[in-house]
Amino acid sequence: MSKAALTRIHILQKAFDLIYRQGFQATSIDEIIATTELTKGAFFYHFKNKDEMGLAMIRELLAPAMQIALIEPLQKAEDPLDAIYEMMESILLKDSFFLSSYGCPAVNLIDEMSPVNESFRLALLEIMMAGKEAMEATIQRGMDQGRIRKDVKPSQVSAFVLIGYSGVRNMGKLVGAACYPIYLRELRTYLQNLA
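Heads up: these notes are all about the structure in this document. These figures come from a predicted structure and were not determined experimentally.

Cut-offs used in this document
- Residues numbered from 1 in each chain as written.
- Predicted model: local features only at pLDDT ≥ 70, side-chain atom pairs only at ≥ 80, totals over all residues.
- Heavy atoms only, no water.
- Core = buried A, V, L, I, M, F, W, Y, C linked by side-chain atoms within 4.5 Å.
- Buried < 20%, exposed > 50% of the residue type's maximum accessible area, 1.4 Å probe, protein only.
- Helix = DSSP H or I, 4+ residues; strand = E, 2+ residues; numbered from the N terminus.
- Contact = heavy atoms within 4.5 Å.
- Salt bridge = Lys/Arg side-chain N within 4 Å of Asp/Glu carboxyl O.

So, the nonpolar core
Now for step 1: Core analysis: the biggest nonpolar cluster contains 62 residues, and M53, M88, L109 and Y183 have the highest contact counts within it.
Now for step 2: Contributions of two or more residues to this core are made by helix 1 (3–22), helix 2 (29–36), helix 4 (50–75), helix 5 (80–94), helix 6 (105–113), helix 7 (118–145), helix 8 (154–175) and helix 9 (179–192).
Now for step 3: Among the elements that line this core, the one with the most residues is helix 4, at 11 residues.
Now for step 4: Once residues within four sequence positions are removed from consideration, M53 is found in contact with I11, L12, A15, I19, F24, I32, F43 and F47.

What follows is the structure in structure tokens.
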């Protein structure tokens, strides 16, 4: 990887760390530059402005991370309902990257930026739709295998699970990770009722 590509990734990673903890709008370019120990010129060589950097962060860091955490476990699943539960359990309880006090970086950006920036909304929608479609495909596979009832609507189930995830991540910012096992217990019951 070239020095320029490494610098770009470095900027995105440092910006991501700050934005995850502070929010996009509360994080300034000057703060990002200070954490990277680069010059303003280096920042502006790679990004025209903070919005361009934010969109690159979504596409180049957040989307691949969500692919690994959310989509790949569902694609490899033998038992679709177990896979959905285990994927959520892993994201909530086992992934040391996501801190309960800060929530989910994707959900945070959806809450903060979707109402005010259409480019952000579309980039974040793309990530969420990829996760939703992966879950729908997993549910459909389970229906085809006879593991899930034929009357189940994959799009409704995936929407319900993701809405619950978004809510529990936000609740976790208020009360901590203690709310995650409650959500997971109810999610397991819900999923078992689909069989």
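On we go.
Things to note about the pattern of salt bridges
Now for step 1: Tallying each qualifying case throughout the model produces eight salt bridges.
Now for step 2: Here R8 ties to E60 by a salt bridge, and the two come within 2.5 Å at their closest N and O atoms. On the criterion of sequence distance, the pair formed by R8 in helix 1 and E60 in helix 4 is long-range, its members being 52 residues apart.
Now for step 3: The partly exposed category is assigned to E60, whose relative accessible area is 35%.
Now for step 4: Across the pair D151 and R149 runs a salt bridge, and its minimum N-O distance is 2.8 Å.
Now for step 5: Exposure remark for R149: the relative accessible area of 34% places this residue in the partly exposed category.

Quick notes on the side chain of S114
Now for step 1: Structurally, the position occupied by S114 is in the loop between helix 6 and helix 7.
Now for step 2: Among the residues examined, S114 registers a relative accessible area of 16% and is labelled buried.
Now for step 3: Apart from the residues lying within four places of it in its own chain, the contact partners of S114 are L109, R121 and L124.

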